[in-house]
Structures are given as C-alpha cells and as structure tokens.
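What follows is the residue order along each chain.
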Amino acid sequence: MFIEQPPQFVRQLYPHACWRMSASERAVYLTFDDGPSKQTEVILDILDEYGVKATFFVVGKDGEKVNERLQMIYERGHTIGMHSYSHDYADI
C-alpha cells in the first residue's frame, strides 16, 4: 500500500520516497537471506518466470559447498551480498 499524501514532515524527511514516483517507477526490493539453499534453483526459476531480480544474501562459511548455486544466481543476473560468515553466535 502506498501513501498518496503523507503529512508534510514525512515528505520533508523522505523527499524521494515512493509517493513522489509514478506507478511505473515504483519498485520492490526482494531479498533472500541465509542461502543459497536447496530451494535456490526453484526460487530462481520463479523469478525468471516473472522477470524479477533479487539480492541473495549468503552465509560465507558455506562458500565451497554452494559454489554451483552461487554461480547460478550470478549467471541469472541477480545480486549477491554477504549476510555473515556464520550464524554460530559463539563465533560472532
């Protein structure tokens, strides 16, 4: 849901926010965290079907195990970001 006319102070704080854009300019940023996973290929197929790009935030510790999936994400034109090295909070 988009706010068509937010209060003046909100417009001043966020002068480039979505209510200043036409419907064709509005965007949603889709992200996936803690991957890639065994579902990555299915997700990529769905994104391809709709012509949608996403950012996949990956766990660095899994690097060697998931290189093939990371390559698929990259080759299909998506963005890859580092989520963390591990989710082992004792190490973090």
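The sections below set out a description of the structure shown in this document.

Quick word on the side chain of His 78
Mapped onto the elements of the fold, His 78 is located in the loop between helix H3 (67-75) and strand S3 (79-84). Here His 78 falls in the buried class, since its relative accessible area comes to 6%. Polar contacts involving the side chain of His 78 include one to the main-chain amide nitrogen of Ala 54, which spans 3.0 Å. Once you skip the residues sitting within four places of it in the chain, His 78 turns out to touch Leu 44, Leu 47, Asp 48, Val 52, Lys 53, Ala 54, Phe 56 and Ile 73.

So, H3
Three or four residues apart is the spacing at which side chains of an α-helix point the same way, because the helix has 3.6 residues per turn. For H3, every residue scored as buried is listed here: Leu 70, Met 72 and Ile 73. Down the axis of H3, the sector holding all buried residues measures 155 degrees, keeping them to one side. Across from the buried face of H3, at angles greater than 90 degrees, the exposed residues are Glu 68, Tyr 74 and Glu 75. Summarising the contacts, the buried residues of H3 are in contact with helix H2 (40-50), strand S2 (55-59) and S3. One or two residues past the end of H3 sits Gly 77, with phi positive at roughly 90 degrees.

Some points on the packing of H2 against H3
One can describe the packing of H2 onto H3 by two numbers: an axis separation of 10 Å at closest approach and a directional angle of 10 degrees. By the angle between their directions, the pair H2 and H3 is classed as roughly parallel. Here H2 contributes Thr 40, Glu 41 and Leu 44 to the contact with H3, which in turn contributes Arg 69, Met 72 and Ile 73.

A word on the packing of aromatic side chains
Counted under the stated rule, the structure contains 1 aromatic pair. Taking the centre distance of 5.0 Å and the plane angle of 20 degrees together, the rings of Phe 32 and Phe 56 count as stacked. Residue Phe 32 is located in strand S1 (residues 31-35), and its partner Phe 56 is located in strand S2; the two are separated by 24 residues in the primary sequence. Residue class for Phe 56 comes out buried when judged on its relative accessible area of 4%.

What counts, and where the lines are drawn
Residues numbered from 1 in each chain as written. Predicted model: local features only at pLDDT ≥ 70, side-chain atom pairs only at ≥ 80, totals over all residues. Heavy atoms only, no water. Helix = DSSP H or I, 4+ residues; strand = E, 2+ residues; numbered from the N terminus. Buried < 20%, exposed > 50% of the residue type's maximum accessible area, 1.4 Å probe, protein only. Polar contact = N/O pair within 3.5 Å; in protein donor to acceptor, adjacent residues only side chain to side chain. Contact = heavy atoms within 4.5 Å. Arc of directions from axis to C-beta. Axes fitted to C-alpha atoms, helices over the stretch in contact; angles between N-to-C directions. Parallel < 35°, antiparallel > 145°, perpendicular 65-115°, else oblique. Phe/Tyr/Trp six-rings, centres within 6.5 Å; stacked < 30°, edge-to-face > 60°.

Function cannot be inferred from these measures alone, as they are strictly geometric.
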